[in-house]
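This is what each chain is made of:
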Amino acid sequence: MRTLEKLCGFLAVLAFCLGSGFVVLLPMNPVLWQVAWAATFLLVLFLAIRRRDAILYFLFRRGTRYGASLFLLAAMAIGIIFSVNYIGAKYKKRLDLTHAKRHTLSDQTKKILGELAFPVKIYFFYQPSEDQPRGEALLRRYGDQSKNVKIEILPLNSNPLLAKTFGVEKVGEGEQIFVVSRDDSSKESKSVTVRGVSEEKLTNGILRLVKSQDQTVYFLTGHGERNFQDRQKSDSLSEFKRLVENEVYNVKALSLDSAPKIPDDASVLLIAGPKGQFAPEELAAIEGWVKAGGRLFLALDVDLEGESLPRGARQMADWLNGFGLKVGERLLVDTTSRLYQMDGQILVAAADSVNHEVTKDFPRTSIQMGFAWHFYFPFAVRLEQIAGGSDEVRRESLVKTSPVAWEESSWKEIKSGVVKLDKGKDHQGEMSLAVALSPSKKEEKWRMAVFGSSGFLTNGAILAKHDKDLALNTINWLANQEAMISIRATESRDVTLEIDSNLYNFIVLVLMLGIPLSVLGSGAWVWFSRK
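Peer 1: So what's going on with helix α11 (residues 311-321)? Which residues, and what values?
Peer 2: Regarding α11, the residues found buried are G312, A313, Q315, M316, A317, W319 and L320. On its buried side, α11 packs onto α10 (280-291), β8 (295-299), β9 (325-333), β18 (432-439) and β19 (447-451).

Peer 1: Hey, could you go over unusual backbone geometry for me, with residue numbers and the actual values?
Peer 2: Notably, E307 is not glycine yet its phi reads approximately 60°, a positive angle. By the element assignment, E307 lies in the loop between β8 and α11. For N480, which is not a glycine, the phi torsion comes out positive at approximately 60°. Mapped onto the fold, N480 is located in the loop between α13 (467-478) and α14 (501-530). The exposure class of N480 is partly exposed, given its relative accessible area of 43%.

Peer 1: Please set out the pattern of salt bridges residue by residue, giving values where relevant.
Peer 2: For side chains bearing opposite charge, pairing can occur when the charged atoms are close. Following the criterion strictly, the structure yields 16 salt bridges and no others. A salt bridge links E329 to R314; its shortest N-O distance comes to 2.7 Å. Here the residue E329 occupies a position in strand β9, and R314 occupies one in helix α11, the gap between them amounting to 15 residues. We classify R314 as partly exposed; its relative accessible area is 32%. In this structure, the salt-bridge partner of E407 is R382, at a minimum N-O distance of 3.6 Å. Separated by 25 residues along the polypeptide, E407 in strand β16 (residues 406-407) and R382 in strand β14 (residues 381-385) bring together distant segments of the chain. Considered together, E407 and R382 belong to a single accessibility category, that of buried residues. Among the charged side chains, a salt-bridge network with shared partners connects E200, E239 and R242.

Peer 1: Residue-level account of the packing of helix α6 (residues 136-145) against helix α8 (residues 199-210), with values.
Peer 2: The N-to-C vectors of α6 and α8 enclose an angle of 45°; their axes lie 11 Å apart at closest approach. The angle between the axes of α6 and α8 places the two elements in the oblique class. In the packing of α6 onto α8, the handedness of the crossing is right-handed. Each of L138, L139 and Y142 in α6 lies in contact with α8, whose residues at this interface are E199, L202, T203 and I206. Among the residues forming the contact of α6 with α8, the class breakdown is five nonpolar, one polar and one charged.

Peer 1: I'd like a rundown of the packing of aromatic side chains, residues and numbers included.
Peer 2: Under the defined criterion, the tally for this structure stands at 13 aromatic pairs. Pairing F219 with F240 gives two aromatic rings, centres 6.1 Å apart and planes at 50°, and the pair type is tilted. Here F219 is found in strand β5 (residues 216-221), whereas its partner F240 is found in helix α9 (residues 238-246), with 21 residues between them in sequence. Take F219 and F240: they sit in the same class, and that class is buried. Between F362 and F375, the ring centres sit 5.1 Å apart and the planes meet at 90°, which makes this aromatic pair edge-to-face. Of this pair, F362 sits in the loop between β10 (346-351) and β11 (367-368) while F375 sits in strand β13 (residues 375-378), and the two are 13 residues apart along the sequence. As far as the burial class goes, F362 and F375 line up, both buried. Through a chain of ring-to-ring contacts, three or more aromatic side chains come together here, namely F219, F228, F240, F297, F377, F451 and F456. Above the plane of the ring of F118 lies R182, whose end atom (NZ or CZ) is 3.6 Å from the centre.

Calculation rules
- Residues numbered from 1 in each chain as written.
- Predicted model: local features only at pLDDT ≥ 70, side-chain atom pairs only at ≥ 80, totals over all residues.
- Heavy atoms only, no water.
- Buried < 20%, exposed > 50% of the residue type's maximum accessible area, 1.4 Å probe, protein only.
- Helix = DSSP H or I, 4+ residues; strand = E, 2+ residues; numbered from the N terminus.
- Contact = heavy atoms within 4.5 Å.
- Salt bridge = Lys/Arg side-chain N within 4 Å of Asp/Glu carboxyl O.
- Axes fitted to C-alpha atoms, helices over the stretch in contact; angles between N-to-C directions.
- Parallel < 35°, antiparallel > 145°, perpendicular 65-115°, else oblique.
- Left-handed = near helix turned anticlockwise from the far one by under 90°.
- Nonpolar A, V, L, I, M, F, W, Y, C, P; charged D, E, K, R; others polar.
- Phe/Tyr/Trp six-rings, centres within 6.5 Å; stacked < 30°, edge-to-face > 60°.
- Lys NZ or Arg CZ within 6 Å of the ring centre and 35° of its normal.

Below is the structure:
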């Protein structure tokens, strides 16, 4: 009987090995391994029946129970570890503790990646001499964020034919080149080349791939408006122009001198800081275009020398009265600005409406002194909604001052640089700095955004705080591109920890002597106490 059991055991092992071999060597013939494994099962079942008494005795032994419990605990631990790793690989979540969230994609990037309608592949070319390309970590965050994004990281010499197809023939020392391309069967073979490691650049590359550049933003000229070509001047709008182009808009200059007509392809008309007088024909052209469904971005400035609105701004202000909006002529002042080493005429401002598309995404958590502020508004005037204004216009405040700001009545104090609140003359409290205007009737399509300062658009201010997000969100709202409204990537700041010699010596003593001696002392105390 023992011989029969040994023979069945040997045959069971042999059948199992044959079945495994058939699976590997002859996968096209499943009958062989199925028969072999069936024989294995029958032989094992026969042995279990023959040796049932021994098996039952083994199962109910104390050692078996302890071993089974240990095996079960080990299996549970392995299962937990496997589950955690599987969930971590499938649902990736990172905790970014840096001040500027430099290891986290911006809301704009997440929004664009979440709305991708087709697969995108990003090729990353770098110098073979670089051991770890600087853009690899950034690129992998894009791949983790969206299933529609595939990445391929390769040195330039590994696939020169592919690189040449995209027009990449040379990569400079330390240079990083991304190529964003469609990764589907579409006949569209469009690709965008991005040079440099930057979330802003890479996201703009994806944006140029998915969005057609068929919308135009016109900057009005001819009335002393702010220049948008000069990159050297801090009061120019050249950086704002670049940012608008990065949102995949065409940007053009418009003069109404020769032909007072707004072009048919104008998605948005921007008038920033007009000073000179508008001709009646020009005002009529702007008014008629807006009523016909045009979209106007209007930013007005006060004339510090003339102590009032300049003629062009005044004409616009008079026109806005018909929409139930009054433009103030006094400069706003806020002593809160001095906490941030700024003059009182540079206001710290906050997003007002939590429901409007332009401002609803701004965080409400950066509260300082009871005031959640987001923007800098230099040399601004108050925008006041006229009581009993037209019911045909919806007016919604986008930006407001802090509660301690006031409307300064004395130009003499402003020019002297020493201002103080005169409660009998100066109006104090939260005041609107930007207002969105739109029609109450759904059949009308016009939109306007009015700002009490164009200074926040200048090179010296546009990159401060969230000024660029406010300006670009407004452009996108006016152009019916609400999907593009978001908070964009901010430039990361390097934070330096400065350690003087005394602190350095203290750290060295603690690490080199304090901790080792404390461990030795604890060990010695335990040893002597046990003796």
